[in-house]
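Structural overview for review
For reference, the chains in residue letters:
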Amino acid sequence: MSEPTASPTDHTLALREEFRHHLETFYAQLKLAPPYESVEKAIRSFTTSIHALPPVERESLATDATARWRHFRQAFESSGLSQKHRGIIAGLARNRSSLNLSAEYDQFLSLYLS
């Protein structure tokens, strides 16, 4: 019996889980409780946007971190997450050097500084 071949949905699941992990890390490092309903909405939004991509673009997201983070940011913003804890996170983002977050998270933090 042959092994099943990988399908684009395999990448979608892995990308969705990576996005969830980044959201959990983001809120944990900021020491804030994640707004769970909005987190789930962001994950659904991300998954929908990934499914809408042509298969070749979906495949490239697995290796293109810049494109992945662009999609993460879009889902973060469109789900309304950037409106939750806005005052607290804006204050933390203004003192970026005190945050224990890697530079990729600036994709989220910059939404609070605009």
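Residues numbered from 1 in each chain as written. Predicted model: local features only at pLDDT ≥ 70, side-chain atom pairs only at ≥ 80, totals over all residues. Heavy atoms only, no water.

What follows is about the overall build of the chain. Within the chain, the regular secondary structure consists of six helices and zero strands. For the chain, the sequential pattern of α-helices and β-strands runs α-α-α-α-α-α. Burial statistics for the chain: of 114 residues in total, 37% are counted as buried. Residue pairs in contact within the chain that sit at least 24 positions apart in sequence constitute 71% of those at least 6 positions apart. Within the structure as shown, the chain displays about 6,700 Å² of accessible surface, and the carbon and sulfur contribution to it stands at 54%. When the 13 positive and 13 negative side-chain charges of the chain are each reduced to one mean point, those points stand 10 Å apart. (Helix = DSSP H or I, 4+ residues; strand = E, 2+ residues; numbered from the N terminus. Buried < 20%, exposed > 50% of the residue type's maximum accessible area, 1.4 Å probe, protein only. Contact = heavy atoms within 4.5 Å. Areas by Shrake-Rupley, 256 points an atom, 1.4 Å probe, with all protein chains shown as cover. Lys, Arg positive; Asp, Glu negative; His and termini not counted. Charge placed at Lys NZ, Arg CZ, Asp CG, Glu CD.)

Spacing of three or four residues puts side chains on the same side of an α-helix, whose turn is 3.6 residues. For helix H4 (residues 65-78), built from 14 residues, the straight-helix expectation of 20 Å at 1.5 Å per residue is met to within 8% by its first-to-last C-alpha distance of 20 Å. Of the residues making up H4, those classed as buried are Ala67, Arg68, Trp69, His71, Phe72, Ala75 and Phe76. For H4, the N-terminal cap is aspartate 64; the gap from its side-chain oxygen to the backbone nitrogen of threonine 66 is 3.2 Å. Just past H4, the residue glycine 80 takes up positive phi, approximately 95 degrees. (Expected span 1.5 Å × (residues − 1). Polar contact = N/O pair within 3.5 Å; in protein donor to acceptor, adjacent residues only side chain to side chain.)

Moving on: the nonpolar core. A general tendency of soluble globular proteins is for nonpolar side chains to be buried together. In this structure, Phe19, Leu23, Phe26, Tyr27, Phe76, Ile89 and Phe108 are the most contacted members of the largest nonpolar core, which totals 30 residues. Apart from residues no more than four positions distant in its own chain, tyrosine 27 is found in contact with Leu32, Ala33, Pro34, Pro35, Val39, Phe76, Leu81, His85, Ile89 and Tyr112. (Core = buried A, V, L, I, M, F, W, Y, C linked by side-chain atoms within 4.5 Å.)

Below, the discussion takes up the side chain of histidine 71. Take histidine 71: it is sitting in helix H4. Setting aside chain neighbours within four positions, we find histidine 71 in contact with Phe46, Ser49, Ile50, Leu53 and Leu61.

With that out of the way, let us pick up the pattern of salt bridges. Evaluated as defined, the whole model comprises four salt bridges. A salt bridge links glutamate 17 to arginine 20, with the shortest nitrogen-to-oxygen separation between them at 4.0 Å. Remark: arginine 20 and glutamate 17 occur in helix H1 (residues 8-29); sequence separation between them is three residues, near one turn of the helix. The class of arginine 20 is partly exposed, set by a relative accessible area of 22%. Among the salt bridges present, the one from arginine 68 reaches glutamate 18, with a minimum N-O distance of 3.1 Å. Pair noted here: arginine 68 is in helix H4 and glutamate 18 is in helix H1, with a separation of 50 residues, a long-range link. Judged by its relative accessible area of 24%, glutamate 18 is partly exposed. Because the salt bridges share partners, they merge into one network encompassing Glu17, Arg20 and Glu40. (Salt bridge = Lys/Arg side-chain N within 4 Å of Asp/Glu carboxyl O.)

Attention shifts here to the packing of helix H2 (residues 36-51) against H4. Interhelical geometry of H2 versus H4 gives an angle of 130 degrees and a closest axis separation of 8 Å. When the axis of H2 is compared with that of H4, the two are oblique. Between H2 and H4 the crossing geometry is right-handed. When H2 is examined against H4, the residues Ala42, Ser45, Phe46, Ser49 and Ile50 are found in contact with a partner set consisting of His71, Phe72, Ala75 and Ser78. Of the residues contributing to the contact of H2 with H4, the split by class is five nonpolar, four polar and no charged. (Axes fitted to C-alpha atoms, helices over the stretch in contact; angles between N-to-C directions. Parallel < 35°, antiparallel > 145°, perpendicular 65-115°, else oblique. Left-handed = near helix turned anticlockwise from the far one by under 90°. Nonpolar A, V, L, I, M, F, W, Y, C, P; charged D, E, K, R; others polar.)

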